[in-house]
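What follows is each chain in one-letter form.
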Amino acid sequence: MRRRHSTVKEDITADHHLACQPIEIERGIFAVVKSFSSNSAPIHVQKRTSGKKTAANAEGIPFSVDVVVGSSSSRRYVSIYEANLSYYNKFGRVMVMFDTANNTWHCHCVKAKQACVHKAIAKWHFFQTRKELFTGDESEDTQDSQGSEDKVETVTSSDFQYPPRGQDLGRIVRYIHNKKRLPADLPAKVYGLTSETEVPKHLMPKECVCPECPGDLPVGEPLIISKSAKIITVKGIIEGVTTYGKKCSRCGMMVRYQEWEDGLHNFNDKVILTLHFCLYLRNCLQTHTALGRAIETWELTSGQQYPNKNSLIHGYLHFEALTDHDYNFSCVCCGHHPPVVVMDLHKSCVFSLAVSELEDPPDGFDGEVDIDEFWDSLCLERIARGFVPKPTYHHWAPWIGPYTRKSNKVLNTEHEKVHTTRHPKEQTETDVTEDRLLDEVSNLKVHAIRKLCRECGIDSQGSKMELVLRLREEMKTRSKFDKIFQKVWGASGGWAVVMCPCGQVVSLKFNIRAESPRDFTDLLLSWKHMPNICIYDFARGLAVHANLREPETMPFSPHEGRLLDPSHENLQYASNGGMVNLPWLNTKKTVPDPGGHPLTGSADHYCLYDRFHEGNTKDPKDILRRIKMVPELAGRINSQVAEQLFSTMKKNNYYMNMLSPSAHVFMMRNVIHNYNQRKNKKIKEELKKLVTPEIQLCLNEHGQAEFCASQPTGLSPDPVVAASSQPAETGFSSDPDLSPPSKRKEIFYILCIVLVIVYIYSITHFLSFLSHLFILN
């Protein structure tokens, strides 16, 4: 007998069976729902497993098929052809689901919030067949948002549609970018909101007249954009906020709430961040904490569920894009034009960019790019993701401070790495030797060397030294050498830096292709004043490449950047510990050379090896490129400042390497800028401790910090300069908080004399005390 509460399973009959739909008749592939439940999702099954399955049948295989079984009003399915079999497509097809209620896409090949090619194909399929499913004009930044699921609320009335589209969107984006910028140094009162009662609940734009129409034409009445906006604070979420917009009746210009004076930053009219929260995220990046982790930490602390993390991350990037950073990239000690620089490449911090995405440069492209145009386009892309044209890779620009570069036209000749043949001399001088490549292999981690051995068909078992020796044997053949070279240096990305000896980043270049001396030559030739001393791990290659590119000016001279002429006598002199004095590194030349450096007066330019890579070359002439030969540099210059920076910045790689190219370079420039600002602030604070509070710290025209005494009220405002590392000169200041000093140094000399007198007076009294003590004893 049948148990009373047992489940009764009905037999599968012609009238009772799982709903199915044919996908590929030739191969017997069907879409069948998993169960009889009403919300069951369809899966792929294969009814026929025998018979012909050759490539000829592929011509009749449908690429994408709209799946009806299992679909509902809120869920749509599409079957995508996938030739590469895997655990998620055992029959050569992948099922993609579109949740119309939540505006989300799901595929078995990736996580829920990640993008994939199958989702992209499904979107194309539905856009071709069911355009009604796409209610908005939303675009998804699949690389750097990792599948953001935010929905943009579209508000439409008889004369108001928000968000705007087309040209109207471009107008409001550029208006916000130009007129709604936040100061770099925010006053404390605007990010001190702590309680819900202090936060406004109705956010209206302050514009009363159209910002574009002449004659002060009034804009329309405020119209509601969203009644369910959220304000994100470090203590939690404030809900029930209403945002408003206005529209000009004449030109159609729209404005929205973007008033930082209230302590708020409006991202997309539904997510509003407090400035305090934005500064918290900025400091998280400075402590090498990914924004997603920082947000999750506050979720656990506050006990509230924050909106989609990608919205908050893009909201923070939106905040940084509107902040009026000067991105000066200079050191208050070395100034805008440091005479000594250290250069290196951070290889492990890269962005994902397929070679197939690289465009060929247009005809006549000479490598000059407009630096402001490129970086402004990145900011506009952050403000209106997907609207403004994305930067093209042949117009990819480095970042050099406005006072350091010659002009807004800078060099980026990376396309020449693959489009030209090197000069025979450069080919001879700059070929990567077996020893240099072996040195780079030795610096890799053990697991990376094992992977390299497996990719080269070499036994990957044993110690690190055994693996390196096996690779060295393989390098003896040219084909294996080229293969290992591509594995070690073939990855795109990485960023090149030019730093001052204090550790400040002065120039930054994001490489698309593998490193070469060309990258650093581009930076140096874009400078207004080229450094006198360049320290690099491949000094010979850099000097040869730069001089071949500019044979008329010879950037590195005399002696091709060596300290002495490479004669037999000079080589013997250097081998015996001979020294070459460069006194102008400490004291500027009394009579500067024509075209000399503004801080040293010298027109000589040398290219030297850093101490760590001095032994990487077997060329005997390179002994004349060693730092220890210069007394003014030996023991005083830290040639490893770049390596120390990379050691710190590699803590960011776990999230920086996941970003798209544009988001990567935008965020990295911002991180480096804040890093420089912190170091400069620390230097200023240390300098101020040396003098009394009434003596102010100023910057001269070269961006170097100097002391200047403020004058009493009513007297002529003529500040007096204190000593600095270089002679003081009258000029402008790059820091708005610091005023320019005067050339006069009389008071400084008087102060020095007073200090000497006080010192002598103290010594005299001390000796007198000792004599009295001796007499008493």
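Parameters at a glance
- Residues numbered from 1 in each chain as written.
- Predicted model: local features only at pLDDT ≥ 70, side-chain atom pairs only at ≥ 80, totals over all residues.
- Heavy atoms only, no water.
- Buried < 20%, exposed > 50% of the residue type's maximum accessible area, 1.4 Å probe, protein only.
- Helix = DSSP H or I, 4+ residues; strand = E, 2+ residues; numbered from the N terminus.
- Disulfide = S-S within 2.5 Å.
- Patch = residues over 30% accessible without salt bridge, like charges linked within 9 Å, V, L, I, M, F, W, Y side chains within 5 Å.
- Areas by Shrake-Rupley, 256 points an atom, 1.4 Å probe, with all protein chains shown as cover.
- Salt bridge = Lys/Arg side-chain N within 4 Å of Asp/Glu carboxyl O.
- Lys, Arg positive; Asp, Glu negative; His and termini not counted.
- Charge placed at Lys NZ, Arg CZ, Asp CG, Glu CD.
- Pairing = 2+ DSSP bridges.
- Contact = heavy atoms within 4.5 Å.
- Axes fitted to C-alpha atoms, helices over the stretch in contact; angles between N-to-C directions.
- Left-handed = near helix turned anticlockwise from the far one by under 90°.
- Nonpolar A, V, L, I, M, F, W, Y, C, P; charged D, E, K, R; others polar.
- Polar contact = N/O pair within 3.5 Å; in protein donor to acceptor, adjacent residues only side chain to side chain.

Our next topic: helix α13 (residues 517–525). Of all nine residues in α13, nine are buried; the element is thus mostly enclosed. Listing the buried residues of α13 in full gives Pro517, Arg518, Asp519, Phe520, Thr521, Asp522, Leu523, Leu524 and Leu525.

The subject of this paragraph is the state of the cysteines. The final tally for this structure, using the stated rule, is one disulfide. The residue that forms a disulfide with Cys698 is Cys708, at a sulfur-sulfur distance of 1.9 Å. In this pair, Cys698 is assigned in strand β26 (residues 695–699) and Cys708 in strand β27 (residues 705–709), connecting sequence segments ten residues apart. Judged by its relative accessible area of 1%, Cys698 is buried.

Residues Lys445, Lys464, Lys650 and Lys651 make up a contiguous surface patch of positive charge. With respect to the helices and strands, Lys464 occurs in helix α11 (residues 464–474). Of the residues examined, Lys464 reaches a relative accessible area of 32% and is grouped as partly exposed.

Spatially, six strands are ordered β20-β23-β22-β18-β24-β25 in an open sheet, and the strand pairing comes out mixed. Strands with a single pairing partner mark the edges of an open sheet, and in this sheet they are β20 (399–400) and β25 (606–609). Together, β18 (340–346), β24 (533–536) and β25 form the strand contacts of helix α14 (residues 539–549), whose direction differs from that of β25 by roughly 155°.

Attention shifts here to the pairing of strand β12 (residues 223–232). Strand direction decides the pairing type here: β12 and strand β13 (residues 237–247), joined by six bridges, are antiparallel. Along β13, the bridge assignment pairs Leu223 with Gly245. Judged from the three bridges that link them, β12 and strand β16 (residues 271–274) form a sheet pairing that is parallel. Within β16, the residue paired with Lys230 across the bridge is Val271.

Next up on the list: the environment of His702. For His702, the position within the fold is in the loop between β26 and β27. Residues His702 and Val332, 370 residues apart in the sequence, show an inter-C-alpha distance of 9.1 Å.

A few words now on the packing of helix α10 (residues 446–455) against α11. Any two packed helices are characterised by the angle at which their axes cross and by the distance between the axes. Look at α10 against α11: their axes get within 10 Å of each other, and the N-to-C directions meet at 35°. Remark: the crossing between α10 and α11 carries left-handed chirality. Of the residues in α11, those touching α10 at Val446, Ile449, Arg450, Leu452 and Cys453 are Lys464, Leu467, Val468 and Leu471. Among the residues forming the contact of α10 with α11, the class breakdown is seven nonpolar, no polar and two charged.

Along the polypeptide, Lys509 turns up in strand β23 (residues 505–510). Reaching out from Lys509, the side chain makes a polar contact with the side chain of Asn511 at a distance of 3.4 Å. A distance of 3.2 Å separates polar atoms of two side chains, one belonging to Lys509 and the other to Asp519. With residues near it in sequence (within four places) discarded, Lys509 still touches Pro398, Asn412, Glu414, Gly494, Trp495, Ala496, Asp519, Asp522 and Leu523.

Turning our eyes to something else, we now look at the environment of Tyr77. With respect to the helices and strands, the residue Tyr77 is situated in strand β5 (residues 75–81). Residues Tyr77 and His106, spaced 29 residues apart in sequence, show a C-alpha to C-alpha distance of 9.6 Å. Beyond its immediate chain neighbours, meaning those up to four positions away, Tyr77 contacts Ala41, Pro42, Val65, Asp66, Val67, Gly70, Ser71, Met95, Val96, Met97 and Phe126.

Bear in mind that shape data such as this cannot, by itself, settle questions of function.
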